[in-house]
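# Analysis of the macromolecular model
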Amino acid sequence: MNKPAHEPAILQGTSRIRYLRLIEIFKIDKGLLLLVLGVSLLFLNARTRWMDALSSWTADEILLEHSKGIAYLLHKLQAVLAGGTLRATGFLALFYTAVLFTEGIGVYMQQRWAELLMIFATAMLIPLEVRHVWHRPGLVGVLILLANCFIVWFLYRVLKRDKAKAHVAPPRVLVETP
C-alpha cells in the first residue's frame, strides 16, 4: 500500500481552522478597503483636485505607462462605461469587492466551492503582483505577493487533503442475518 506523504502541522485539526479564519479575515478586510476605494472613485468625482491626484496615483499603481495591454483594456472599458478611467476602476473595485466578500464568507461557512473560488481568484492575480513588484519593488508589494502565494498553496493542500480523505471509503462490515 502507498504510505501517505507527510502532512504539515498547519493542515491538521485546529491549526487548519485557525489559518482558514486568518485567510477569511484577510480577504474580508481587503474587500472592505476596496469597497471604500470603489465608492470613493464613483461618488467623489465632484472634487476635481482629489480626482486628479487619485487618477495619477491609480495610473502609477497599475503601471499604466509600462503596459500597452492594460492601457488598451482600460480604454475599451472606458468606452463601454463612458464615465472615464476612474469610474471604470470604481466599478471594477466594487466587482472585486463582491468576489472577496463571497470568498471570505464562503470560507467562514467552510464551503468547498468558496475555497476553490479563492484559489482561482487569488492565483489569477499573482502574475500581476509579480509584475508590480518587478517594476516597483517594495516591502508591502512583496508581503502581499507572499501572502497570496501562501493562500493558494495552503488552500490547494487543504482541498487535496480533503479530496483524498473523501476517496478513502470506510471498511464494509458484513452482518449475517439469521
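Residues numbered from 1 in each chain as written. Predicted model: local features only at pLDDT ≥ 70, side-chain atom pairs only at ≥ 80, totals over all residues. Heavy atoms only, no water.

Counting 14 residues, the largest nonpolar core has M118, F154 and L155 as the members making the most contacts within it. Those elements giving two or more residues to this core turn out to be α1 (13-43), α5 (112-135) and α6 (139-167). Sort the elements by how many residues they give to this core and α6 lands first, with seven residues. Among the nonpolar cores identified, the runner-up in size contains six residues, and L34, Y96, V99 and L100 belong to it. (Core = buried A, V, L, I, M, F, W, Y, C linked by side-chain atoms within 4.5 Å. Buried < 20%, exposed > 50% of the residue type's maximum accessible area, 1.4 Å probe, protein only. Helix = DSSP H or I, 4+ residues; strand = E, 2+ residues; numbered from the N terminus.)

This part takes up the packing of aromatic side chains. For the coordinates displayed, the defined rule picks out two aromatic pairs. Where F150 meets W153, the ring centres are 6.0 Å apart and the plane angle is 40°; that geometry is what we call tilted. Of this pair, F150 and W153 both sit in helix α6, three residues apart, roughly one helical turn. Judged by relative accessible area, F150 falls into the partly exposed class, the value being 30%. Judged by centre distance (5.7 Å) and plane angle (20°), the ring pair of F150 and F154 falls under stacked. You can see F150 and its partner F154 sitting in helix α6, four residues apart, about one turn around the helix. Feature note: the residues F150, W153 and F154 constitute an aromatic cluster, connected by ring pairs. (Phe/Tyr/Trp six-rings, centres within 6.5 Å; stacked < 30°, edge-to-face > 60°.)

It is worth spelling out the pattern of salt bridges at this point. This structure, assessed with the given rule, holds two salt bridges. For R21, the salt bridge is made with E24, and the minimal N-O distance between the two is 3.1 Å. Taken as a pair, R21 and E24 lie in helix α1 at a separation of three residues, close to a single helical turn. On the basis of relative accessibility, which here comes to 7%, the residue E24 falls in the buried class. Linking K27 and E103 is a salt bridge whose minimum nitrogen-to-oxygen distance equals 3.6 Å. (Salt bridge = Lys/Arg side-chain N within 4 Å of Asp/Glu carboxyl O.)

What is shown is where atoms sit, not what they do.
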